[in-house]
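# Analysis of the macromolecular model
Spelled out, the chains give:
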Amino acid sequence: MTEKHIILEDIDPVTFYGVNNSHLQMVRSLYPKLRIMARDNVIRVLGDEEVMCHFEESIEKMRRHIVKYNVITDEDILSIVKGEITKSDAAKGVVVYSLSGRPIKGRSENQQALIDAYMQKDMVFAVGPAGTGKTYLSIALAVKALKEKTAKKIILSRPAVEAGEKLGFLPGDMREKIDPYLQPLYDALEDMIPQVKLQDMMDKHVIQIAPLAFMRGRTLSDAVVILDEAQNTSPAQMRMFLTRMGWNTKMIITGDLTQVDLPRGAKSGLQDAIDTLKDIDDIAIVRLTDKDIVRHKLVTKIVNAFKNNIQQ
C-alpha cells in the first residue's frame, strides 16, 4: 500500500472540498479503493499505486480547473475523472471567469475587437464612453495573462486628477487620498481573484496599483500594464508612461474623451497620443461606442442625451 500527500497550491481548499465537503465526498465515491483524508490544503491518500496515479492526475486537473474558473461543480469533477472535457472548457471566447463562475468575454463587436487587438498587438488604446467595459475587459485580459503565466505581474495606474474635489481637502494621508481614484481597479480585481489571494499578490507586488506619477523612472518588463482614465493625462505624462514599456510587456490605455477633467484649454494626453501614434502598425486603436455599453440600460440613454445636448 502506497501513501502520498498532495498539496493544493494557488486555490482556496474550501472551493475544492465544496460546501460541507460535498466535492470531497464525491471524489471519495469515485475512488472507492483509496482512503482519502484532507486537512487544510493537504490531501493524504493511501491505496494501490496504479489507482493513486490516476487520482493524482485528476486532482491536479481539478486544481487547474479552479485556478482557471474559480469554481468547480460535481459535474466538472465527474467529467475530469472520466477524462472528458468540462462544459467550461468547451465554452468559446471566454477571457476569464469571475469568482461566481460567470464567464467574462466580449459582449459586443467592439469589445471583441479589443480582445483581438490585445492578442495581436503589444500596445492597445481603448477609447469610448462610460460603461463600455474598457477597464473591466482590460483587467480580465491582464488576469488571464497572470494565470497563464505569460506575464509575471500586473501594473494598473490612473492619473489622480480631481473631478470636483481637491486632493488637499480630502481626509487622510496621501495613500488614503489616492485610493478613491484607484477603487474601480480594485473592484474589477476583486470580482476575478479571491480576496486573500489578491491581497497576497499585492503584498508581493505581483499586482501593483499606483497613481501615474509613481511610474516615472521605471522600466516595466514582463507585465501587463494598464493606464485607466487616460483622457486626464497631459501629453507629457502620456509620453512618460508609454516610454516605460519594457521587454515582454503589453500595454492597454483606456479613456473617455468626453469626460476630460483637465483645466480648460489643456490638451488631453490621450488625444495627443492617438493623433501622434495612429499610423504605427504595431499599435491598435479600438473605438467603442454607446452600442457597447453593458451597464444598466439607462446608462446608454444618459450617454446619448448628453451627446445630443453637446451637439445642439
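In case you missed it, the structure is sitting above this.
Summarised in this report is the structure supplied together with it.

Reading guide: rules and limits
Residues numbered from 1 in each chain as written. Predicted model: local features only at pLDDT ≥ 70, side-chain atom pairs only at ≥ 80, totals over all residues. Heavy atoms only, no water. Salt bridge = Lys/Arg side-chain N within 4 Å of Asp/Glu carboxyl O. Helix = DSSP H or I, 4+ residues; strand = E, 2+ residues; numbered from the N terminus. Pairing = 2+ DSSP bridges. Axes fitted to C-alpha atoms, helices over the stretch in contact; angles between N-to-C directions. Buried < 20%, exposed > 50% of the residue type's maximum accessible area, 1.4 Å probe, protein only. Arc of directions from axis to C-beta. Contact = heavy atoms within 4.5 Å.

What follows deals with the pattern of salt bridges. Following the criterion strictly, the structure yields 16 salt bridges and no others. Taking the shortest distance from any N to any O, the salt bridge between Lys197 and Asp10 comes out at 3.7 Å. Here Lys197 is found in helix H9 (residues 195-203), whereas its partner Asp10 is found in the loop between strand E1 (2-7) and helix H1 (13-17), with 187 residues between them in sequence. Close ionic contact of Arg158 with Asp228 constitutes a salt bridge, the shortest N to O distance being 2.8 Å.

It is worth spelling out the sheet that holds E1 at this point. In spatial order, the strands read E1-E3-E2; together these three strands make up an open sheet with antiparallel pairing. Every other strand in the sheet has two partners, leaving E1 and strand E2 (35-39) as the edge strands with one partner each. The mean angle between the axes of side-by-side strands here comes to 15 degrees, regardless of whether they run parallel or antiparallel. Sheet topology note: the E1/strand E3 (residues 42-47) ladder contains six bridges and is antiparallel. Bridged to Ile6 within E3 is Ile43.

What follows covers H9. For H9, every residue scored as buried is listed here: Leu198, Met201 and Met202. Taken down its axis, H9 places every buried residue within 100 degrees of arc, on the same side. Relative to its buried face, H9 has exposed residues pointing more than 90 degrees away, namely Val196 and Asp203. His205 lies just past H9 and shows a positive phi near 65 degrees.

Moving on, we get to the sheet that holds strand E9 (residues 223-227). Whenever strands of a sheet pair, they do so through backbone hydrogen bonds, lying parallel or antiparallel. Spatial strand order, E8-E7-E9-E10-E6-E11: six strands in an open sheet with parallel pairing. If you trace the sheet from one side to the other, it starts and ends with strand E8 (207-211) and strand E11 (283-287), each paired once. The sheet shows a mean angle of 15 degrees between the axes of neighbouring strands, taken without regard to direction. Where strand E7 (residues 153-158) and E8 come together, five bridges link them in parallel fashion. Bridged to Arg158 within E8 is Pro211. Each of strand E6 (123-127), strand E10 (250-255) and E11 is contacted by helix H11 (residues 269-277), which is oriented at about 125 degrees to E6, the strand it contacts most.

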